[in-house]
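Residue-level listing of the chains:
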Amino acid sequence: MKVRKSSSPEDVKKRKKAVLFCLSEDKKQIVVEPGKQILVGDIGETVDDPYACFVKLLPLGDCRYGLYDATYETRESKKEDLVFIFWAPEGAPLRSKMIYATSKDAIKKKFTGIKHEWQVNGLDEVQDRATLAEKLGGSVVVTLEGKAL
């Protein structure tokens, strides 16, 4: 996943806005989940609201790791921060929760530039963008992904 800014417009479109990771079939590797990513170039084309689209990618019955490149505004400036999300819904199998919890630090070490970490245990926590805004800076955040809070 590219975390740094790209220079050409084509490179920018290929940047990942969000991506989900899962365990491989044998539960020994962490891999990018096929088809579970949002590219910057998709926004405005096939994706209207990248945050809502990201929430829809999360499976209700199992755990995942996610990286989300949050774009937001505070009263002073526009910002972009990389958020690491540990998705562990209450309906996920206990064994899965244990494996994901114990391998979380290993995947986090692979990525530079993570500014925030967020453990989410249900849709009620993640659907309201104000909860992410709270993680990003609390009451100073006025918009997230161009939408007012």
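Here the structure is shown first, and the text comes after it.
Keep in mind the model is a prediction, meaning the values are calculated, not measured. Here the residue numbering is sequential within each chain, running from 1 through the sequence in written order. Confidence filtering applies because this is a predicted model: local features only for residues at pLDDT of at least 70, side-chain atom pairs given and counted only at 80 or more, and all residues used for totals across whole chains, interfaces and linings. Just so you know, side-chain values use all the structure's heavy atoms and leave hydrogens and water out.

Draft legend 1. Fine view of the packing of aromatic side chains. Only centres within 6.5 Å qualify two rings of Phe, Tyr or Trp (six-membered ring in Trp) as a pair; their planes then separate them into stacked at under 30 degrees, edge-to-face at over 60, and tilted for everything else. Inspection of every chain in the model, using the stated rule, returns six aromatic pairs. When the ring of Tyr51 is compared with that of Tyr68, the centres are 5.7 Å apart and the planes differ by 85 degrees; the resulting orientation is edge-to-face. Here the residue Tyr51 occupies a position in helix α2 (residues 50-57), and Tyr68 occupies one in strand β3 (residues 64-74), the gap between them amounting to 17 residues. In terms of burial, Tyr51 and Tyr68 fall into one category: buried. With centroids separated by 5.0 Å and ring planes inclined at 50 degrees, the aromatic side chains of Tyr65 and Tyr100 adopt a geometry described as tilted. Of the two residues, Tyr65 is situated in strand β3 and Tyr100 in helix α3 (residues 94-110); the sequence distance between them amounts to 35 residues. Secondary structure is summarised from DSSP: a helix means a run of H or I of at least four residues, a strand means a run of E of at least two, and numbering begins at the N terminus for each. For each residue, the accessible area found with a 1.4 Å probe, counting protein chains only, is set against the maximum for its type, and the residue is called buried under 20%, exposed over 50%, and partly exposed in between.

Draft legend 2. Geometry of helix α5 (residues 129-137). For α5, every residue scored as buried is listed here: Arg129, Leu132, Ala133 and Leu136. When α5 is viewed along its axis, its buried side chains cluster within an angular range of 105 degrees and face the same direction. It only takes one pair of heavy atoms within 4.5 Å for two residues to be counted as in contact. The inward-facing, buried residues of α5 contact α2, β3, β4 (78-87), β5 (114-120), β6 (141-144) and β7 (147-148). Starting at the helix axis, one direction is taken to each C-beta atom, and the arc is that of these directions.

Draft legend 3. Quick peek at the environment of Asp42. Here Asp42 shows up in the loop between β2 (30-39) and α2. When the C-alpha positions of Asp42 and Lys109 are compared, they lie 28 Å apart, and in sequence the two are 67 residues distant.

Draft legend 4. Focus on the pairing of β3. Along β3, nine of the 11 residues are buried, which leaves the element largely enclosed by surrounding structure. Only strands joined by at least two bridges in the DSSP assignment are considered to pair. In this structure, strand β1 (residues 16-23) lies alongside β3, joined through four bridges in antiparallel fashion. Note on β3: the bridge partner recorded for Phe21 is Tyr65. The pairing of β3 with β4 spans 10 bridges and is antiparallel. By the bridge assignment, Arg64 is partnered in β4 with Trp87. If you look at the hairpin formed by β3 and β4, you'll find three residues sitting between the two strands. Of the pairings in the sheet, the one linking β3 to β6 comprises three bridges and is antiparallel in character. By the bridge assignment, Tyr72 is partnered in β6 with Leu144.

Draft legend 5. Quick look at the nonpolar core. In these notes, a set of buried Ala, Val, Leu, Ile, Met, Phe, Trp, Tyr and Cys residues joined through side-chain atoms within 4.5 Å is what counts as a nonpolar core. Counting 23 residues, the largest nonpolar core has Phe54, Tyr68, Trp118, Val126, Leu132 and Leu136 as the members making the most contacts within it. Every element with two or more residues in this core is listed here: β1, α2, β3, β4, β5, α5 and β6. If one sorts the elements of this core by residue count, α2 sits on top with four residues. Sequence-distant contacts of Leu132, that is, excluding residues within four places in its chain, are made with Tyr51, Tyr68, Val83, Trp118 and Leu144. Counting 16 residues, the second-largest nonpolar core is a separate cluster that includes Phe21, Cys63, Ala88 and Phe111.

Draft legend 6. Summary view of the pattern of salt bridges. Salt bridges, as used here, are contacts in which a Lys or Arg side-chain nitrogen is within 4 Å of a carboxyl oxygen on Asp or Glu. Counted under the stated rule, the structure contains nine salt bridges. The closest approach of N and O atoms between Glu33 and Arg64, which form a salt bridge, is 2.6 Å. Note that Glu33 is positioned in strand β2 and Arg64 in strand β3, a separation of 31 residues in sequence. A relative accessible area of 10% means that Arg64 is categorised as buried. Between Arg64 and Asp62 there is a salt bridge whose closest N-O contact spans 3.6 Å. Accessibility expressed as a relative area gives 21% for Asp62, which makes it partly exposed. Among the charged side chains, a network of salt bridges with common partners joins Arg15, Asp69 and Glu80.

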